[in-house]
Amino acid sequence: MILESIRSPADLKRLPAAELPALCTEIRRTILDTVTKNGGHLGSSMGVVELTVALHRVYDFPHDRLFLDTGHQGYPHKLLTGRFDRFHTLRQKGGISGFPNKDESPFDAMTSGHAGTAISMALGACLGDALAGEKRRAVAMVGDASIVSGMSLEALNSAGHLDRDLLIILNDNEQSIGKTVGSLSRVLSKVRLSRPYSAAMRAAGRLEHLVAKIPRIGERFDKTVHAIADHLKHVIVPGQVLDALGFRYFGIFDGHDLGGMLEVLTAMRAQPGMKLLHVLTVKGKGVKGCEEDPLALHGAKPGDSFVLEGESACKVDKVPAAATAAKKGPPKFEFAKCFSEAIVREAENDPRVCAITAGMPDGTGLKPFAEKFPDRFFNVGIAEQHGIAFASGLTIGGRRPVCAIYSTFLQRGYDQVFQEVALQRNPVVLVMSHGGLAGDDGATHHGLFDIAFLRTIPGVTLMSPRDGAELQEMVRFALAHPGPIAIRYPKAQTAAPGRAVAPVELGRGERLRAGDDVALVGYGPMSETALEAAALLDAQGCSCTVVNARFARPLDHALFDALLERHRLVVTIEEAALAGGFGSAVLEHAARREAGQSAAHDAMRARVLTLGVPDRFIEHGSRAELLAELGLTASGIRDAVLGHLREAAFHGSAAR
Ligand SMILES: Cc1ncc(C[n+]2csc(CCOP(=O)(O)OP(=O)(O)O)c2C)c(N)n1
């Protein structure tokens, strides 16, 4: 196997050119075999195999710097930069990350996972190096959905006039997760149709033979031959726009033509200044059916069986028995599916209900809504900031918008939640999926900070359901609420909805069972874990009250006063950062309450123990593994409580 012998790009550079096509096939084979076992981002990586091989053959990384936008297309890069041996551990706990990670390899110029950041980072690196007197080149590879995100456009705007040696590669596969949306993407489509070669290159009298002989473009030419002349008259040629911005535009090139990529990148490397290279690729290239259904290939789950073109079956190990056994028992639903059902139901009853996603109609569960209410569904692309402000605008028109964004990506829209939503008191419903540990995607994708960052904004109500049935009630409650409100839930399964849920009341928690010694208060699905922990603590002679907090804001002060007075210890449990989170809110309340009491009034027997995610970044692993590591399981909670009580008893007796 050639790939085995590639320990670094230096080995790749020594490889006879004739062996490169076989190497590309091996890279595709390795990615497919690994991702169908471990899960991962398949389509984007399969699409950039030739491009990545050519980049590493031509550039001198890590002296030159490569910034992969979002990073989900980075598997070929990992395989060529000394990680072949460990590639089978992809996305597994302790194994290599599914995204570029600067702690993993010097070839990863940045740790990434969020879209739209590569151009800014590459530009900053260029300028930083220049200021340090170092001569290095920088390359940013950006997808066609990410390059039209706000941050990329801001970076292009700021980069153009700076005379730095930066190459931006627009990896255009016409896909985001699903079809790329928006008018800028329509401009790109027109460009694809109208600009099959690089005028700049032609003017330079070089590389004319690289004029893209792209089959898909060719087909489209046939179909639209009459339209082309028209397009040529009206289209905004990116070369003109980018020239005006200070970039030199080169395109379009076939990203699967390895020889062509080597030649064009060699030319790019020799050209000083800001360049944008427009490359057309096919998402999932090499996988059978990739052109019909690229969405299916964006992310693969363990056990998915994909077949490489020209093969009848691929080697896919069956899902281990343990994993299938876990599926038995009462029916389970994804939280996202429960949300999906609820929002469709609410929209059927209320024509004001609208839904917004920032490029994630599938992951957020909004697809059924989009199909049923296309006029009330808005996919704004990878533009969380815009999506939130846009939702707020919809309220001005009397609509009831639900903005469904993963917790980690909502971080992009903090200022919009502050100014466009909260300051105006506009009733936007923010629905955060992946609130908690996102599992295999790792540090960039865990949604751990939303409670802390939203809790500081006046007037934003925060809640989290204990299960799918309660989530559906909360969606109903949120849509009737007169101000900004956010619901968070994890990327996890829950009991199928159906149980009767006690009515949701603003700022009121729900007592699930009564006990004498310790009160366990769960936020969201941690309430279920708290119930299990209470059973374990019972067995140790420790009687527990269990509360489902429901709201992190407003906090149920009366309930917490009662808990603090009647228990030796109040324990808060959340799948979120402890710093500033739900437990912090309870601690603040307890401290304020204590400060207001006279020294003689020693009614507050309880102390507060906060359990959650400590003050560090959490790497990838399955959600179950990470919860266990962080002690957020029933046995972990039991051990923490017993340890705390033992310590308190020791200090108590020492003081006496
Ligand atoms: C800020 C942010 N929002 C949403 C996402 C989720 N996301 C991951 S990949 C992706 C699509 C990226 O499309 P594109 O840039 O065209 O690259 P491709 O997958 O086509 O290679 C999206 C929306 C993200 N990673 N970051």
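Small disclaimer: the values here were computed from a predicted structure and weren't measured. (Residues numbered from 1 in each chain as written. Predicted model: local features only at pLDDT ≥ 70, side-chain atom pairs only at ≥ 80, totals over all residues. Heavy atoms only, no water.)

Enquirer: Help me understand the sheet that holds strand S14 (residues 429-432) in this model?
Expert: Within a sheet, each strand pairs with its neighbour through backbone hydrogen bonds, oriented either parallel or antiparallel. Ordered in space as S12-S11-S13-S14-S16-S15-S21, the 7 strands form an open sheet in which the pairing is mixed. This sheet does not close on itself; its edge strands, each paired only once, are strand S12 (377-379) and strand S21 (551-553). In this sheet, adjacent strand axes meet at a mean angle of 20° when their direction is disregarded. Alignment of strand S11 (residues 353-357) against strand S13 (residues 400-404), held across 5 bridges, turns out to be parallel. Considered in S13, the bridge of Ile 356 is made with Cys 403. (Pairing = 2+ DSSP bridges. Helix = DSSP H or I, 4+ residues; strand = E, 2+ residues; numbered from the N terminus. Axes fitted to C-alpha atoms, helices over the stretch in contact; angles between N-to-C directions.)

Enquirer: I'm lost on unusual backbone geometry in this one. Help?
Expert: Most peptide bonds take the trans configuration, and most residues that are not glycine carry a negative phi. In the segment running from Phe 61 into Pro 62, the intervening peptide bond is cis, with an omega of 5°. Along the chain, Pro 62 falls in the loop between helix H4 (49-58) and strand S2 (65-68). Residue Glu 174 is not a glycine yet carries a positive backbone phi of 60°.

Enquirer: Explain the site of the ligand to me, please; I cannot follow it from the model alone.
Expert: Taken together, 22 residues sit near the ligand, with His 72, Ser 146, Gln 175, Lys 283 and Glu 384 positioned nearest. Measuring from an oxygen atom of the ligand, one finds a side-chain N or O atom of Lys 283 at 2.7 Å. Within the side chain of Glu 384, an N or O atom sits 2.6 Å from a nitrogen atom of the ligand. Protein contacts shield 98% of the accessible area of the ligand, which totals 580 Å² for the unbound molecule. Partitioning the shell around the ligand into residue classes produces 6 nonpolar, 12 polar and 4 charged. (Near = heavy atom within 4 Å. Polar contact = N/O pair within 3.5 Å; in protein donor to acceptor, adjacent residues only side chain to side chain. Areas by Shrake-Rupley, 256 points an atom, 1.4 Å probe, with all protein chains shown as cover. Nonpolar A, V, L, I, M, F, W, Y, C, P; charged D, E, K, R; others polar.)

Enquirer: Looking at this structure, I do not really get the packing of aromatic side chains. What am I missing?
Expert: Counted by the stated rule, this structure contains 11 aromatic pairs. Taken together, a centroid distance of 5.8 Å and an interplanar angle of 20° make the contact between Phe 335 and Tyr 489 stacked. Here Phe 335 is found in helix H15 (residues 335-349), whereas its partner Tyr 489 is found in the loop between strand S16 (485-488) and strand S17 (493-495), with 154 residues between them in sequence. The buried category is assigned to Phe 335, whose relative accessible area is 2%. For Tyr 489, a relative accessible area of 1% corresponds to the buried category. With 5.1 Å between their ring centres and 15° between their planes, Tyr 523 and Phe 582 make a pair best called stacked. Note that Tyr 523 is positioned in the loop between strand S19 (518-522) and helix H22 (526-538) and Phe 582 in helix H24 (residues 582-595), a separation of 59 residues in sequence. Residue classification places Tyr 523 among the buried positions, given a relative accessible area of 3%. Taking the relative accessible area as the measure of exposure, Phe 582 reaches 0% and is therefore buried. (Phe/Tyr/Trp six-rings, centres within 6.5 Å; stacked < 30°, edge-to-face > 60°. Buried < 20%, exposed > 50% of the residue type's maximum accessible area, 1.4 Å probe, protein only.)

Enquirer: What's the story with the packing of helix H6 (residues 118-131) against helix H7 (residues 150-159) in this structure? I'm lost.
Expert: Packed helices, taken two at a time, are described by the angle their axes make and the gap between the axes. Viewed as axis vectors pointing N to C, H6 and H7 meet at an angle of 30°, and their least axial separation amounts to 7 Å. Here H6 lies roughly parallel to H7, going by the angle between them. Note on element contacts: H7 touches H6 through Met 151, Ser 152, Ala 155, Leu 156, Ser 158 and Ala 159, opposite Ile 119, Ser 120 and Leu 123. The class makeup of the residues in the contact of H6 with H7 is 6 nonpolar, 3 polar and no charged. (Parallel < 35°, antiparallel > 145°, perpendicular 65-115°, else oblique. Contact = heavy atoms within 4.5 Å.)

Enquirer: Help me out: how do you make sense of the environment of Leu 512 in this one?
Expert: Considering the arrangement of structural elements, one finds Leu 512 in strand S18 (residues 510-513). Judged by relative accessible area, which is 22%, Leu 512 ranks as partly exposed. Each C-alpha atom, one on Leu 512 and one on Leu 531, is 8.0 Å from the other, the two residues being 19 residues apart in sequence. In contact with Leu 512, not counting residues within four places along its chain, are Arg 466, Ser 527, Leu 531, Val 546, Val 547 and Asn 548.

Enquirer: I tried to follow the side chain of Thr 89 on my own but got confused; where do I start?
Expert: By the element assignment, Thr 89 lies in the loop between helix H5 (75-80) and H6. In this structure the side chain of Thr 89 is engaged in a polar contact, spanning 2.6 Å, whose partner is the backbone oxygen of Arg 86. Side-chain polar atoms of Thr 89 contact the backbone nitrogen of Ile 96, separated by 3.1 Å. Every residue in contact with Thr 89, bar those within four places of it in the chain, is listed here: Asn 38, Gly 95 and Ile 96.

Enquirer: Is there a simple way to think about H15 in this case?
Expert: Since one α-helical turn is 3.6 residues long, residues separated by three or four positions face the same way. In this model, H15 (15 residues) spans 22 Å end to end at C-alpha, consistent with the 21 Å of a helix rising 1.5 Å per residue. For H15, the set of buried residues is Phe 335, Ala 336, Cys 338, Phe 339, Ser 340, Ala 342, Ile 343, Val 344, Glu 346 and Ala 347. (Expected span 1.5 Å × (residues − 1).)

Enquirer: Is there a simple way to think about the environment of Asp 517 in this case?
Expert: Here Asp 517 is to be found in the loop between S18 and S19. Taking C-alpha positions, Asp 517 is 5.8 Å from Cys 544, a pair spaced 27 residues apart along the chain. Residues within four places of Asp 517 in sequence aside, it is in contact with Gly 541, Cys 542, Ser 543, His 567, Arg 568 and Leu 569. Within the structure, Asp 517 has its side chain in polar contact with the backbone nitrogen of Ser 543 (distance 2.8 Å).

Enquirer: Can you help me understand the pattern of salt bridges in this one?
Expert: In a structure, side chains of opposite charge can pair up when their charged atoms sit close to one another. Taken as a whole and assessed by the stated rule, the structure comprises 38 salt bridges. Three or more residues joined by partner-sharing salt bridges are found here, namely Arg 466, Asp 467, Glu 470, Arg 499, Glu 510, Glu 528 and Arg 550. (Salt bridge = Lys/Arg side-chain N within 4 Å of Asp/Glu carboxyl O.)

Enquirer: Honestly, the pairing of strand S23 (residues 607-613) in this entry has me stumped. Any pointers?
Expert: Working note: regular strand, side chains alternate between the two faces of the sheet. With respect to burial, S23 is a largely interior element, 5 of its 7 residues being buried. Of the strand pairs in this sheet, strand S22 (residues 569-577) and S23 are connected by 6 bridges, and their pairing is parallel. Note that in S23 the partner of Val 570 across the bridge is Val 608.

Enquirer: Just checking my understanding: could you explain empty space enclosed by the protein for this structure?
Expert: The method is simple in principle: a probe with the dimensions of a water molecule rolls over the atoms, and the space it marks as empty is what remains. Within the structure shown, the criterion is met by 3 cavities of 30 Å³ or more. Its boundaries defined by the atoms lining it, the largest cavity holds a volume of some 50 Å³. The leading source of residues in the lining of the largest cavity is S2, at 3 residues. Within the lining of the largest cavity, the residues separate by chemical class into 7 nonpolar, 2 polar and 1 charged. (1 Å grid on protein atoms, 1.4 Å probe; cavity = no way out; pocket = protein on both sides within 12 Å on 5 of 7 lines; lining within 4 Å. Points joined across faces, edges and corners; volume = space filled by probe spheres on them.)

The quantities given are spatial measurements derived from coordinates; they are silent on function.
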